[in-house]
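Each chain, written out:
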Amino acid sequence: MAKVADKYEALYIIDAALAEDAIAAIVAKFQALVEQNGTLTEVSEWGKRRLAYPIDHKTEGYYVLMTFEAPAAFPAELNRNFNITDGVIRSMIVDLNA
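Residues numbered from 1 in each chain as written. Predicted model: local features only at pLDDT ≥ 70, side-chain atom pairs only at ≥ 80, totals over all residues. Heavy atoms only, no water.

A. Summary view of the packing of helix 1 (residues 20-37) against helix 2 (residues 74-84). One way to put it is that helix 1 packs onto helix 2 with a least axis distance of 11 Å and a crossing angle of 160°. The angle between helix 1 and helix 2 falls in the class roughly antiparallel. In this structure, the crossing between helix 1 and helix 2 has a hand that is right-handed. Counted together, Phe30, Leu33, Val34 and Asn37 of helix 1 and Phe74, Leu78, Asn81 and Phe82 of helix 2 form the full contact between these two elements. A breakdown of the residues in the contact of helix 1 with helix 2 according to their chemical character gives six nonpolar, two polar and no charged. (Axes fitted to C-alpha atoms, helices over the stretch in contact; angles between N-to-C directions. Helix = DSSP H or I, 4+ residues; strand = E, 2+ residues; numbered from the N terminus. Parallel < 35°, antiparallel > 145°, perpendicular 65-115°, else oblique. Left-handed = near helix turned anticlockwise from the far one by under 90°. Contact = heavy atoms within 4.5 Å. Nonpolar A, V, L, I, M, F, W, Y, C, P; charged D, E, K, R; others polar.)

B. Structural detail: the pairing of strand 1 (residues 6-15). Counting buried positions over the 10 residues of strand 1 gives eight, a clear majority of the element. In terms of strand pairing, strand 1 meets strand 3 (residues 58-70) through 10 bridges, oriented antiparallel. Note that in strand 3 the partner of leucine 11 across the bridge is leucine 65. Summarising the sheet, strand 1 and strand 4 (residues 88-95) pair through seven bridges and their orientation is antiparallel. By the bridge assignment for strand 4, alanine 10 is matched with isoleucine 93. (Buried < 20%, exposed > 50% of the residue type's maximum accessible area, 1.4 Å probe, protein only. Pairing = 2+ DSSP bridges.)

What follows is the structure in structure tokens.
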């Protein structure tokens, strides 16, 4: 029998220069996207942290870590959404089953 869902972690960094309500809206957008396509296990907002190196002349970012279960095709769609969302400066999705 084939697996229905795999476990993933997604870490993304939002531009810390955005207003608090804009940051909250981006976090809510990605939570809703994951909940529509899978099961959201945990969301951990790490808050503002200094970046290891400047990205687009920015030195701080707002870090968010999500753990979720979803079909194998979903991480590609989530990554596409990370890339086209203004305010997200970096993202990474890790397959926890590997």
